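Remarks on the overall topology
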Amino acid sequence: MFVKICGMNSPEAVEAAVAAGVDALGFVFAESPRQVTPDQAKALCAGVPAHVLRIAVMRHPHKEHWERVIELFEPNWLQTDAEDFKWIKLPPSCTALPVYRDSNAPADSDLPDRLLFEGTQSGSGRVADWDEASGLARVAEVILAGGLTADNVGDAVRFVRPWGVDVSSGVERARGEKDPAKIKEFVACVRAIEV
């Protein structure tokens, strides 16, 4: 099970996530209490092992902003709304992770091979529509996000059967402030799930 912790903005959070064995770290460049600059994100990744993916999280970015992120931060993946990829040019070193939200996923024939599915508002802690996510997970590799916590991730994985999970507010002690203990607990819960 692919595990991503999103909204990384402190060295202690990055350290805790890497120690817990995550597959990916998300750095938010969109407006958010978790927002970082490309320089800050690059500095936070200085000691991160190469096998941990660095994901740039954006939403309808301006061209100049995206170019600055790709140049300074050099992400492995770009996560942004699916429609943004109509104009964004990705270098060969960066993979697209299109975001779909409740009720806006396309027909199966138009789905990408891999996508992130969440509730209507990123970073709000609202649970996504698991019924819709489950349908998508039958035809694509779905990373499920939206309102996940250590308490509900087991139920979410067993119901949706996603390819991966993504958490942000569910591992925070205050809005925008990650809790290393909650990160460790969340990852441990995911790794313990048998599906």
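Note on numbering: residues in each chain are counted from 1, in written sequence order. The model is predicted, so local features are restricted to residues of pLDDT at least 70 and side-chain atom pairs to those at 80 or more, both for listing and for counting; the totals for chains, interfaces and linings are taken over all residues. For the side-chain quantities, the full set of heavy atoms in the structure was used; hydrogens and water were omitted.

Another point: the environment of Arg191. A run of H or I in DSSP counts as a helix once it spans at least four residues, and a run of E counts as a strand once it spans at least two, with each numbered from the N terminus. Mapping Arg191 onto the fold places it in helix 6 (residues 180-192). Linking Arg191 and Val3, residues 188 residues apart in sequence, is a C-alpha distance of 9.0 Å. Beyond its immediate sequence surroundings of up to four residues, Arg191 is in contact with Met1, Val3, Gly21, Val22 and Asp23. A distance of 3.1 Å separates a polar atom in the side chain of Arg191 from a polar atom in the side chain of Asp23. Working rule for contacts: check all heavy atoms of both residues, and any pair within 4.5 Å makes them a contact. By the criterion applied in these results, polar contacts are pairs of N or O atoms within 3.5 Å in which, for protein atoms, one can donate a hydrogen and the other can accept it, and in which residues neighboring in sequence qualify only through two side-chain atoms.

Attention now moves to the state of the cysteines. Whenever a pair of cysteine sulfur atoms sits within 2.5 Å, that pair is classed as a disulfide. Summed over the entire model, instances satisfying the criterion amount to zero disulfides. Cysteine Cys45 shares no disulfide, and the gap to the nearest cysteine sulfur, in Cys6, comes to 12 Å. Here Cys189 is not disulfide-linked; the sulfur of Cys6 is the nearest cysteine sulfur, at 19 Å.

Classification of residues uses two cut-offs on accessible area relative to the type maximum, computed with a 1.4 Å probe and protein chains only: under 20% is buried, over 50% is exposed, and between them is partly exposed. Those residues of helix 3 (residues 63-72) lying buried are Trp66, Val69 and Leu72. Buried residues of helix 3 fall within an arc of 150° about the axis and therefore sit on the same side. Across from the buried face of helix 3, at angles greater than 90 degrees, the exposed residues are Glu64 and Glu71. Check the buried side of helix 3 and you find it contacts helix 2 (38-44), strand 3 (53-57) and strand 4 (77-81). Just downstream of helix 3 lies Glu74, where phi reads positive at about 50°. The arc under discussion is defined with respect to the helix axis, by the directions toward the C-beta atoms.

Further remarks concern the nonpolar core. Only buried residues count toward a nonpolar core. Its members are Ala, Val, Leu, Ile, Met, Phe, Trp, Tyr and Cys residues joined through side-chain atoms within 4.5 Å. By size, the foremost hydrophobic cluster in this structure holds 50 residues, and its most contacted members are Ile5, Phe27 and Phe186. Beyond its immediate chain neighbours, meaning those up to four positions away, Phe27 contacts Met8, Val14, Val36, Ala41, Leu44, Cys45, Ile55, Ala56, Val57 and Phe73.

Before going further, it helps to examine the packing of helix 1 (residues 11-20) against helix 6. At a minimum axis separation of 9 Å, helix 1 and helix 6 run at an interaxial angle of 25°. Judged on the interaxial angle alone, helix 6 and helix 1 are roughly parallel. Note on packing geometry: the crossing formed by helix 1 with helix 6 is right-handed. Residues Glu12, Ala13, Ala16, Ala17 and Ala20 of helix 1 lie in contact with helix 6, whose contacting residues are Pro180, Ile183, Lys184 and Val187. Note on definitions: angles span 0 to 180 degrees between N-to-C directions of axes, and those axes are lines fitted to C-alpha atoms, for helices only across the stretch in contact. The cut-offs work like this: below 35 degrees is roughly parallel, past 145 is roughly antiparallel, 65 to 115 is roughly perpendicular, and the gaps in between are oblique. Take the far helix as your reference; a near helix turned counterclockwise from it by less than a right angle gives a left-handed crossing, and one turned clockwise gives a right-handed crossing.

Next up on the list: the sheet that holds strand 8 (residues 164-167). Read around the barrel, eight strands follow the order 1-2-3-4-5-6-7-8 and close on themselves; strand pairing throughout is parallel. Strand-to-strand, the axes of this sheet are offset by a mean angle of 25°, without reference to chain direction. Criterion used throughout: strands pair if DSSP finds at least two bridges between them. As defined by bridge partners, strand 4 adjoins strand 5 (residues 95-101) across five bridges and the pair is classed as parallel. Of the residues in strand 5, the one forming a bridge with Trp77 is Thr95.

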